[in-house]
Structure formats: C-alpha cells, structure tokens
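Each chain, letter by letter, is given below.
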Amino acid sequence: MPAYRIEIRVVPRRGILDPQGKAVADALHSLGFPEVTDVRVGRHVVVETRAASADEAQRRAAEMCERLLANPVTEDFEIEQVVEIAAVSAAAHG
Amino acid sequence: MKFGIVTFPGSNCDYDAYHAVVDQLGEQAFYLWHKDTDLQGADVVILPGGFSYGDYLRCGAIARFSPIMEAVAAHAARGGPVLAICNGFQIACEAGLLPGALLRNASLKYVCEQRHLRVENVDSRFTSGYTAGQIVRIPIAHGEGRYVADGATLDRLEGDGRVVFRYVGAEGGSDERANPNGSLRDIAGILNDKRNVLGMMPHPERAVEPIVGSGDGLALFESIVGAVHA
C-alpha cells in the first residue's frame, strides 16, 4: 500500500479572538513592519500514513481532522497537500 | 457516597479533589485510572485539573479519547453527576459533554490567583448550597480558560439558567478587569442540558478550608452530596 505525507493546516475560526496572532502582529509592528494588518497563528500538522490511493488518504485525513486534529467549535482545517512519499524520496535521490 | 476521581497522565489536582471529598466532606473517594473502563460504582465522577497528555494538540483533546471516558459519558447520559474542573472542563467540552471550547487566555498569561465568582443559579445539584447571587472566592490557575461558544449556544445557556458561575469584581459587578481570561459573557462555569454535568475553570477543591484562603468551594461539594441523598 503506498505511503503518503499529508500536510494539514488548522487555523482559528474567523471571528474568534486570536491573542497569539495579535501578540505576533504587535511584535512585527515593533520590528518595523507597520504594513502588517493581521496575523493569525494556527497549527501545521504533518501526518504520514498508508492508503490505497491519494483520494483515500485525503478522505481519511479529513476524518482525522474532524475527530481529533481540529476542534470544530473554534478551528477550521484545510488539507493542503497529499504527497506520495516514495515518489518524493525517488525524486530526492535523483 | 462514592466519588470517582479520574487520573489522566498529567492530572495534578486529583489529590486536591480527594482531599476535599475525604478530609473536608467526610465522603468516600477513589482514583480511577484513565485506562480503566468502568467507574467501580462511583456515584459522582470528578474530572480534575491538570495537563492531561501534556495538553498536546489542544487541552483535553487527547484525554477525551481515554478508555475511561466512555464510562464517564455513559454515566453522564444516565444522569449521573460529573464535576469537571479546569482541565476537566476542557476535556468535557472536547468530549461533547458540554458545549463550547476553552481557548488561550486573551492576555496570553497563565493566571493563578483568587477570583470572585457570582453564583448565578442555585437551582442545581452543584449549587443548591449557595444563596442566589452569592459572591464567592475561588482560585483559578489556567492559561487556557477563555470560554467560547457561538451566539446561539450562549443565548441558550443563559436562557436555560445553565451559566451557574460568572467572573465578577469583589463587589459583584462585571467589568473587563473582573474577567481573568476573556471568557465570553464572563462565563466561569456551565451546566449541560440535563444539568448533571458541571464544567468550571475555577478550582472549588482548592477552596475548602479557610487556612488556604477560602472555604467557599466546600458548599459545592456539599450540594452534590445533598442532591444525591435527597
């Protein structure tokens, strides 16, 4: 069964106060980036897994997000990419 | 009456809960391990404070899937009382026993101090020992205690009288300084729809004798005993 690396982004829902993002925005302003208008800090989760296909891996990852990786009350998630790992290492080794 | 206190890896208020129940209340208590699958006859379950599973991912997110939680959920579904304190409150929300979620304090600071709460509803098995509107002093100790839920949920909680504790100033008034974490509507403690699960961020088990600064939490435990014996 092929192996996949799935990259998942979990971010605080719009409209929910993100004090961490606000602190980072304030720090960026202090460092000379006054153009920054908003920062939101979320979480990047990388899952390596096995699945019959990329579609199957994607579907299972969505289930993982719904059950554990994101809290539907406060967070949204996005499955950014599903990469077959063997293909990646083959490419890396040229 | 038997209190079952769940110990998760990382729980650190399980002993305080035990002390409150056994030494101050004079009732029986025993610890339930997170891998246990039954409540060993507990009449009341306490989900104590701490940092279960290191609070990795999100507070309570991993503890919620501990084997014992199935038994706790079944107990709650039967109408059995569950007292979920601090990390226990976070776990109960993650488990869907209570609505909403607890997020990082708006200040980003961990806050550990005595706070004033107003008892908003004494018509519950957790608060019958208080008088309506009573101001009590109970300590808080948390970095992620900002209660959030959508507007409809908040309205329902308020309308049903399920907001039982609110952060207030020493005189009982609400203002920004009285709220230590940015909780919506200054919420410090709520009940589930069947009113047998109480979740609260403050620690009543750490306020059961004057020598530690307040004995105001004891009435909460006495209320539970009174309700179950009634």
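Going along each chain's sequence as written, the residues are numbered from 1 onward. Each chain is given a letter, starting from A, and each ligand a number, starting from 1, according to the order in which they appear as written. Totals for whole chains, interfaces and linings use every residue, but because this is a predicted model, local features are given only for residues with pLDDT of at least 70 and side-chain atom pairs only at 80 or more, for both listing and counting. Side-chain figures throughout are based on the complete set of non-hydrogen atoms in the structure, without hydrogens or water.

Structural notes on the environment of Asp43(B)
Our working rule: Counting from the N terminus, the helices are DSSP H or I runs at least four residues long and the strands are E runs at least two residues long. A contact between two residues is defined here by any heavy atoms of the two lying within 4.5 Å.
Topologically, Asp43(B) is positioned in the loop between strand S2 (28-33) and strand S3 (44-47). Each residue touching Asp43(B), except ones within four places of it in the same chain, is listed here: Met1(B), Lys2(B), His75(B) and Pro81(B).

Considering the pairing of strand S10 (residues 187-191) of chain B
The test is simple: Burial status follows relative accessibility: with a 1.4 Å probe on protein chains alone, a residue under 20% of its type maximum counts as buried, one over 50% as exposed, and anything between as partly exposed. Strand pairing is assigned whenever DSSP detects at least two bridges linking the two strands.
For S10(B), a buried count of 5 out of 5 residues is recorded, marking the element as mostly surrounded by other parts of the structure. Between S10(B) and the antiparallel strand that follows it, strand S11 (residues 197-200) of chain B, lie 5 residues; Arg195(B) among them carries a positive phi value of about 65 degrees.

Digging into the sheet that holds S11(B)
Strand pairing in a sheet relies on backbone hydrogen bonds. The paired strands run either parallel or antiparallel. Residue and element names in this part refer to chain B. We apply this condition: As a rule, the C-alpha atoms of each element are fitted with a line to give its axis, helices using only the stretch in contact, and angles between N-to-C directions run from 0 to 180 degrees.
An order of S2-S1-S3-S4-S11-S10-S9-S6-S7 is seen for the 9 strands of this open sheet, with the pairing classed as mixed. Each edge of the open sheet carries a strand with a single partner, namely S2 and strand S7 (135-142). Averaged over neighbouring strand pairs, the angle between their axes works out to 25 degrees when direction is ignored. Relative to S11, strand S4 (residues 82-85) runs parallel, the two sharing 4 bridges. Paired with Val82 across the strands is Val197, a residue of S11. Packed on one face of the sheet, helix H2 (residues 67-77) meets strand S1 (2-7), S2, S3, S4 and S11 and runs near 130 degrees to S3. Of the strands in this sheet, S3, S4, S10 and S11 are in contact with helix H3 (residues 87-94), which crosses S4 at around 115 degrees.

A word on the environment of Ala70(A)
Along the polypeptide, Ala70(A) turns up in the loop between helix H2 (54-69) and strand S3 (75-84). Taking the C-alpha atoms as reference points, Ala70(A) and Asp55(A), 15 residues apart in sequence, are found 20 Å from one another. In this structure, Ala70(A) is in contact with Val10(A), Cys65(A), Glu75(A), Phe77(A) and Arg58(B), ignoring residues within four places of it in sequence.

Some thoughts on the UniProt feature "active site" (unreviewed entry) in chain B
Residue and element names in this part refer to chain B. Inclusion rule: UniProt positions are given in the numbering used here, feature names are shortened, and annotations may be inferred rather than shown by experiment.
Sites flagged by UniProt as "active site" (unreviewed entry) map to Cys86, His203 and Glu205. These annotated residues cover 120 residues of sequence, but their C-alpha atoms sit close together, with the largest distance between any two at 10.8 Å. The class for Cys86 is buried, based on a relative accessible area of 5%. In this structure Cys86 touches Gly49, Ala141, His142, Met200, Met201 and His203, once residues within four positions along its chain are discounted.

Concerning the packing of aromatic side chains
All names here are of chain B. Definition in use: Only rings of Phe, Tyr and Trp enter the pairing, Trp through its six-membered ring, and a pair is recorded when the two centres are within 6.5 Å. The plane angle decides the type: under 30 degrees is stacked, over 60 is edge-to-face, the rest tilted. By definition here, charges over rings are those cases where NZ of Lys or CZ of Arg is within 6 Å of the ring centre and within 35 degrees of the ring normal.
For the structure on display, the rule yields 4 aromatic pairs over all chains. Consider the rings of Tyr130 and Phe165, whose centres lie 6.2 Å apart with planes at 90 degrees: the pair is edge-to-face. Taken together, the positions of Tyr130 in the loop between strand S6 (111-119) and S7 and Phe165 in strand S9 (residues 163-168) put the pair 35 residues apart, joining distant regions of the chain. Accessibility classification places Tyr130 together with Phe165 in one group, the buried group. Feature note: the residues Tyr15, Tyr18 and Tyr31 constitute an aromatic cluster, connected by ring pairs. Across from the ring centre of Phe65, 4.2 Å away, lies the NZ or CZ of Arg64, which sits over that ring.

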